[in-house]
Amino acid sequence: MRTGLGGKSLIDLELANPSKQSSTLPTHKFTTGDIVGLDEYRKDKPPKKTINWSGVVLRVTDTKITVALSQENDDAIPTEVQERCQIMMKALERLKEQGESGCSDLAQVLFGLRAPSAVQDQEITFFDETLNASQKEAVKFALGSPEVALVHGPPGTGKTYTLVEIIRQLAVVQGKRVLVCGPSNISVADNLVERLARHRMNLVRIGHPARILPTVLEHSLDIITRTCDSGQIIADLRREMDDTLAKVGKTRNRSDRRVLYNHLKDLRKDYRARERKVVDEVVQGAQVVISTLNGCASRNMLKREFDVVIIDEATQALEAECWIALLKGKKAILAGDHLQLPPTVKSPTDLNKKSSKSPKQGTQSSDLTVTMFDRLLKMYGKKIKKMLVVQYRMHRKIMEFSSRELYENKLVADDSVAEHLLSDLPEVQSSEDTDMPIVMIDTSDTGLGHEITDDAQEEQSKANELEVELVVKHVHRLIEDGLQEDQIGVITPYAAQVTRLIHEVREKWPGIEIGTVDGFQGREKEAILLSLVRSNDEGQVGFLAEKRRLNVAMTRAKRHLCVVCDSDTLSGSRGSGDPASSRFDGGFLKRWMNWLSEEADLRFSESV
């Protein structure tokens, strides 16, 4: 245990007896920003129903998890979780209180009570002239939309650069106060702080110091209020309070102690008043305030109003948490890609159930994975959306299927990436692997089902030992061809497969990143190996029928994508298949298997 930023206690958690076993932690789903409970483990005693401590995951490595402790609590649910739920409920209650007649123009448009106003055309001098035509069009559209605009950013299309330009135009040219936020489980807030700070803008990052990246801490409210001129007075008051407390402990005379306590009471009153004033000055004086969606309900953000609210990765945010921020603004700009994975929702939903309600109306049985971005798009269509179409990540072949199936075949690979291959990288030699943008290693040639169910994993996760073996062989060849470990990523939809891949790959090549498809959303690597796992005689594909998950999986690679799979199972050629899955994805998985068979460098498992 040690003390960290903001006076929080930090605890480093590592495996016991690392000399007797591998020091690498087993597969888990903890990520930075997660709210966790912490308690003592006793082998001979059953787990308690309550936890002693709660905290926030500050940092995760292969061997260590660092947690920033919050105050002690006796509740079964950590305080932060309770507060997060309460914050969303309070936002919705406030919205309900306003009613149809009392809600803002923005809220009326967002609920379909009236149509969006016409987009106002305006001449713009761009700060960043390197933006492509679709990015510039999206910027102009967002600035000219009076109430709401959707910026649709498919993988690799430079959505962040577009948002930075929009924010600079709003704050610097139009003089608007801008609130920028995103889901609590994604570090979009800090990424935007880093980009905007390069342009010397007056910005403030609201949030717990333990949740803010070290590279942007100087822009956090905590640090700014301590280092500004007004903050020095507060620091002096704090030192005087500490000194007075020390004197109280040493004083034996009751009347003297009473005098000291009264003085301390006055100091605290003065401290709180000055602190509130400094915070108000800093937040009100900022051109851009950046926060998570839940952070918008913090004490320092109460009763704040903004001209424009921008929500990045809005397609990964619950609608309820979006309203926390939107109630503070007159205009909304939502950015994201509704064709990638939605927010993770544990509540069971019936995917085949059709709601009789219109998209603007909510029901108690609504699927929480339907985001505000989805709902607005269904309600108003393309007239409130602009899509970015030039992508700067993938070889054109890697991009091709996703573009054709999901993005109306509109995506264009920029010349800088359209033909790039692994063999173009420094010190990488040309080979049958490094000269191929897409490789498919098909295990259907064995005529057998190879998947197994791991009962020890959550929800009986699936694994496939043959695919692990084939992945290891392919990785070995890429390393021999000169690829660096940190240029390779291995992903799979199933946690049980992640465990096996880590066991076989990590010891030899510790620098190779291995994880689930869901965890890799927003990430990229020069080479991606994708193990799809499912291989059975019944043709069952499970949640591989979710085309948004497959879209994420197939768009992480920049120069080389290797898909390891059983094409017979996944295309429905083996067994009866899963009719419900087929209805759900509209045959997307089958078409991808057929496309890979025709367009990829096809290899069969027994010849690899």
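Residues numbered from 1 in each chain as written. Predicted model: local features only at pLDDT ≥ 70, side-chain atom pairs only at ≥ 80, totals over all residues. Heavy atoms only, no water.

1. Some words on the environment of E40
Part 1 of the argument: Within the element layout of this structure, E40 appears in the loop between β3 (35-38) and β4 (53-60).
Part 2 of the argument: Relative accessible area serves as the criterion here: at 52%, E40 is assigned to the exposed category.
Part 3 of the argument: In this structure, the C-alpha to C-alpha distance between E40 and W53, residues 13 residues apart in sequence, is 9.8 Å. (Helix = DSSP H or I, 4+ residues; strand = E, 2+ residues; numbered from the N terminus. Buried < 20%, exposed > 50% of the residue type's maximum accessible area, 1.4 Å probe, protein only.)

2. Observations regarding the packing of aromatic side chains
Part 1 of the argument: What the rule picks out here adds up to four aromatic pairs.
Part 2 of the argument: Here the aromatic rings of Y494 and F543 are separated by 4.8 Å at their centres, their planes lie at 10°, and the arrangement is stacked. A residue pair is termed long-range when its members are at least 10 positions apart, and Y494 in the loop between β18 (488-492) and α13 (495-505) and F543 in the loop between β20 (525-531) and α14 (547-554) qualify at 49 residues.
Part 3 of the argument: Grouping aromatic residues by their ring pairs yields a cluster made of F401, F588 and W595.
Part 4 of the argument: Above the face of the F520 ring, R523 is positioned so that its terminal group lies 4.9 Å from the ring centre. (Phe/Tyr/Trp six-rings, centres within 6.5 Å; stacked < 30°, edge-to-face > 60°. Lys NZ or Arg CZ within 6 Å of the ring centre and 35° of its normal.)

3. So, the pairing of strand β7 (residues 178-182)
Part 1 of the argument: With five of its five residues buried, β7 lies for the most part within the structure.
Part 2 of the argument: Here β7 shows two buried faces, one formed by V178, V180 and G182 and the other by L179 and C181.
Part 3 of the argument: Both β7 and strand β9 (residues 288-292) contribute to a ladder of five bridges, which runs parallel. In the strand pairing of β9, C181 is matched with S291. (Pairing = 2+ DSSP bridges.)

4. Remarks on a positive patch on the surface
Part 1 of the argument: On the surface, a cluster of positive charge is contributed by R238, K265, R268, K269, R272, R276 and R299.
Part 2 of the argument: No other element matches helix α8 (residues 254-285), which puts five residues into the positive patch.
Part 3 of the argument: A relative accessible area of 44% means that R272 is categorised as partly exposed. (Patch = residues over 30% accessible without salt bridge, like charges linked within 9 Å, V, L, I, M, F, W, Y side chains within 5 Å. Areas by Shrake-Rupley, 256 points an atom, 1.4 Å probe, with all protein chains shown as cover. Salt bridge = Lys/Arg side-chain N within 4 Å of Asp/Glu carboxyl O. Lys, Arg positive; Asp, Glu negative; His and termini not counted. Charge placed at Lys NZ, Arg CZ, Asp CG, Glu CD.)

5. Structural notes on the packing of helix α3 (residues 133-144) against helix α4 (residues 159-173)
Part 1 of the argument: It is at 10 Å that the axes of α3 and α4 come closest, and there the two elements cross at 40°. Classified by the angle between their axes, α3 and α4 sit oblique to one another. Crossing of α3 over α4 shows right-handed handedness. When α3 is examined against α4, the residues Q135, A138, V139, A142 and L143 are found in contact with a partner set consisting of Y161, T162, E165, I166, Q169 and L170.
Part 2 of the argument: A breakdown of the residues in the contact of α3 with α4 according to their chemical character gives seven nonpolar, three polar and one charged. (Axes fitted to C-alpha atoms, helices over the stretch in contact; angles between N-to-C directions. Parallel < 35°, antiparallel > 145°, perpendicular 65-115°, else oblique. Left-handed = near helix turned anticlockwise from the far one by under 90°. Contact = heavy atoms within 4.5 Å. Nonpolar A, V, L, I, M, F, W, Y, C, P; charged D, E, K, R; others polar.)

6. Structural notes on helix α5 (residues 188-197)
Part 1 of the argument: Listed as buried for α5 are V188, A189, D190, L192, V193 and L196.
Part 2 of the argument: Looking at the buried residues of α5, the elements they touch are α4, β7, β8 (203-205) and β9.

7. Observations concerning the side chain of H395
Part 1 of the argument: With respect to the secondary-structure elements, H395 resides in the loop between β13 (390-391) and α11 (396-406).
Part 2 of the argument: Assessed through its relative accessible area of 4%, H395 is described here as buried.
Part 3 of the argument: Excluding residues that lie within four positions of it along the chain, H395 makes contacts with V417, A418, E419, H420, L421, P437 and K558.

8. Re the pattern of salt bridges
Part 1 of the argument: With the rule as written, the count across this model stands at 33 salt bridges.
Part 2 of the argument: A salt bridge links K159 to E313; the shortest N-O distance between them is 3.3 Å. Separated by 154 residues along the polypeptide, K159 in helix α4 and E313 in the loop between β10 (308-311) and α9 (319-326) bring together distant segments of the chain. For the pair K159 and E313, a shared accessibility class is recorded, and that class is buried.
Part 3 of the argument: Of the charged contacts in the structure, one is a salt bridge between E408 and K410, with a shortest N-O distance of 3.1 Å.
Part 4 of the argument: With relative accessibility at 44%, the residue E408 sits in the partly exposed group.
Part 5 of the argument: By relative accessible area, which is 41% here, K410 ends up partly exposed.
Part 6 of the argument: Taken together, the salt bridges that share partners define one network made up of R393, E524, E526, K558 and R559.

9. Digging into the state of the cysteines
Part 1 of the argument: One pass over the full model with this rule turns up zero disulfides.
Part 2 of the argument: The thiol sulfur of C296 is not disulfide-bonded, and the nearest other cysteine sulfur, from C181, lies at 4.1 Å.
Part 3 of the argument: Just so you know, C562 is unpaired, no disulfide at all, and the nearest cysteine sulfur is the one on C565, 9.3 Å from it.
Part 4 of the argument: The exposure class of C562 is buried, given its relative accessible area of 0%. (Disulfide = S-S within 2.5 Å.)

10. Some details on the sheet that holds strand β6 (residues 148-152)
Part 1 of the argument: Strand order in the open sheet formed by seven strands is β8-β9-β7-β10-β11-β6-β12, and the pairing between neighbours is parallel. The strands lining the two open edges of the sheet, one partner per strand, are β8 and β12 (385-387). Shown here is a sheet whose adjacent strand axes are inclined to one another by a mean of 15°, direction ignored.
Part 2 of the argument: As judged from the three bridges shared by β6 and β12, these two strands associate in the parallel manner. What sits directly across from V151, in β12, is K386.
Part 3 of the argument: Sitting on the sheet, helix α10 (residues 372-380) is in contact with β6, β11 (332-336) and β12, with an inclination near 105° to β6.

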